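So you can see what is in the structure, the chains are spelled out below.
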Amino acid sequence: MKKVLIIIGEINKAGIANAALNFYRACTKYYKDEIRFDFVTTVEPNNELRKEFEENKTQYFLIKRIKCQGIIHYIHCLRNIIRNNGLYSAIHCHLGGVNWLACKAAEREQIKNRVAHAHGSAGPNKIYDFIISKFFSKLNIKYSTIRYACSDSAGKYVFGTRYEFLPNIIEKSCLFNIKSDNTYHKGTYKKIVGYLGLFEGQKNAGYLVKIMKHADMQDILCVAAGDGPYLKETQDMACRYGVHNIIFLGYRNDPIELLKTYDVLLMPSLSEGMSMSLLQAQLIGTPCVVSKGVPDTNDLQLGLFTKVDDFNVENWVAAINKSLNQEQNKDEYSINERYNRLKEIGYDAETIADRLYKSYTLNN
């Protein structure tokens, strides 16, 4: 049986952690007799994850964040974990621009298959982005043997040009028997638009307030779910603008139910990778209105994906209202037909697990 070490930051956090765990679950499902995983993370996994790891005989190891101990000590700690816990046929790291640190540690420990994964793209920190694009991208290529990206923008940001596209995983089983939350249909609002994601710089969630302030949006409610460093700032912005048709839910663990509740999902990101929320929304028939910062790889070609090419509020409101009035597209395809679309383009869980398994065992 092959062993693979997955290296990640905060394992309990949404976004990249969810994507990494879905890769792990798919590979465990389809290759349970051929491969076993361990994790390196900066935080203690929650109770639910610890139970899952125990069932799968998965170990986890804690390591301090890079900025808390420095590059040299981080590499040293990773090498000790690798050296003291058996022979790994591969590592799979989800550290963005600093994937090279884990790959270098693995190279020093003679691990031949070093998979580096890019999830995010350029954000508001121009100095950090410059360092990654000019220096770290070369190191990421040098020390990794296989490079995956969830979108072209993420791949170019972390690796430059030498990478393969690998979509995030969505399991078919989670798309059936979804109950929408009717709580938010009460009152004077006719429709619900929603946001589901982190409140951080590149997500541009504050733009929701400007949209909801528009006169044509006053009979529409925006239900925004997620947390992050910019949540309070966005809430304060809504107060300053006098916008009362927006609700902030904070972190939620029922994303599919929320997406089913929304009449339209909004994503005004300045830049974005492969979005689980967008794919899930389309699979359950919820239209999406997105910014030019969202890659077209998120479009499942089901007539439910509308891109606005600027940040002109008038154009966003027009696109939202058009999507709200296109009810026929929501029910044009069954869930099976929608998921088959994933299979046709290689986005289904089994196909992705097969690609990863081959990457983990390529040079062994």
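Read on for a plain summary of the structure.

What counts and what doesn't
Residues numbered from 1 in each chain as written. Predicted model: local features only at pLDDT ≥ 70, side-chain atom pairs only at ≥ 80, totals over all residues. Heavy atoms only, no water. Helix = DSSP H or I, 4+ residues; strand = E, 2+ residues; numbered from the N terminus. Buried < 20%, exposed > 50% of the residue type's maximum accessible area, 1.4 Å probe, protein only. Pairing = 2+ DSSP bridges. Right-handed = clockwise from strand over helix to strand, strands pointing away. Patch = residues over 30% accessible without salt bridge, like charges linked within 9 Å, V, L, I, M, F, W, Y side chains within 5 Å. Areas by Shrake-Rupley, 256 points an atom, 1.4 Å probe, with all protein chains shown as cover. Salt bridge = Lys/Arg side-chain N within 4 Å of Asp/Glu carboxyl O. Polar contact = N/O pair within 3.5 Å; in protein donor to acceptor, adjacent residues only side chain to side chain. Contact = heavy atoms within 4.5 Å.

1. Regarding unusual backbone geometry
For step 1, the next point in the chain: Of note, the phi angle at Gln 110 is positive, near 65°, even though the residue is not glycine.
For step 2, the next point in the chain: Residue position: Gln 110 is located in the loop between α5 (99–108) and β5 (113–118).
For step 3, the next point in the chain: Its identity is not glycine, yet Gln 301 carries a phi of approximately 60°, on the positive side.
For step 4, the next point in the chain: As for its position among the elements, Gln 301 is in the loop between β12 (288–291) and β13 (305–308).

2. So, the pairing of strand β2 (residues 35–41)
For step 1, the next point in the chain: Burial of β2 is extensive: seven of the seven residues sit out of reach of the surface.
For step 2, the next point in the chain: With burial as the criterion, each face of β2 is covered, one bearing Ile 35, Phe 37, Phe 39 and Thr 41 and the other bearing Arg 36, Asp 38 and Val 40.
For step 3, the next point in the chain: Bridge count between strand β1 (residues 2–7) and β2: six bridges; the pairing is parallel. Considered in β2, the bridge of Ile 7 is made with Val 40.
For step 4, the next point in the chain: Once you follow β1 into helix α1 (residues 16–30) and on to β2, the crossover reads as right-handed.
For step 5, the next point in the chain: Two strands pair when backbone bridges link them, and β2 and strand β3 (residues 59–62) are joined in this way by four bridges, in the parallel orientation. Within β3, the position partnered with Asp 38 by the bridge is Gln 59.
For step 6, the next point in the chain: Running through helix α2 (residues 47–55), the crossover from β2 to the neighbouring parallel element β3 is right-handed.

3. Notes on a nonpolar patch on the surface
For step 1, the next point in the chain: Side chains of Ile 127, Phe 130, Ile 131 and Phe 135 sit close together on the surface and give an oily, nonpolar patch of about 420 Å² of accessible area.
For step 2, the next point in the chain: Here Phe 135 lies in helix α6 (residues 126–143).

4. Notes on the pattern of salt bridges
Charged atoms that come close allow side chains of opposite charge to pair.
For step 1, the next point in the chain: According to the stated counting rule, one finds 14 salt bridges in the structure shown.
For step 2, the next point in the chain: Here Lys 232 makes a salt bridge to Asp 236, at a shortest N to O gap of 3.0 Å. Here Lys 232 pairs with Asp 236, and both are found in helix α9 (residues 231–241), just four residues apart, close to one helical turn.
For step 3, the next point in the chain: Lys 232 gets classed as exposed once you look at its relative accessible area, which sits at 55%.
For step 4, the next point in the chain: In this structure, Arg 341 engages Glu 344 in a salt bridge whose closest nitrogen and oxygen atoms are separated by 3.4 Å. Of the two residues, Arg 341 and Glu 344 are both situated in helix α14 (residues 335–344); the distance of three residues between them amounts to about one turn of the helix.
For step 5, the next point in the chain: You can call Arg 341 partly exposed: its relative accessible area is 22%.
For step 6, the next point in the chain: Overall, the relative accessible area of 61% leaves Glu 344 in the exposed class.
For step 7, the next point in the chain: One salt-bridge network, held together by shared partners, links Lys 3, Arg 36 and Asp 38.

5. What to know about the side chain of Glu 52
For step 1, the next point in the chain: For Glu 52, the position within the fold is in helix α2.
For step 2, the next point in the chain: A distance of 2.7 Å separates a polar atom in the side chain of Glu 52 from a polar atom in the side chain of Arg 25.
For step 3, the next point in the chain: Setting aside its immediate chain neighbours within four residues, Glu 52 contacts Tyr 24 and Arg 25.

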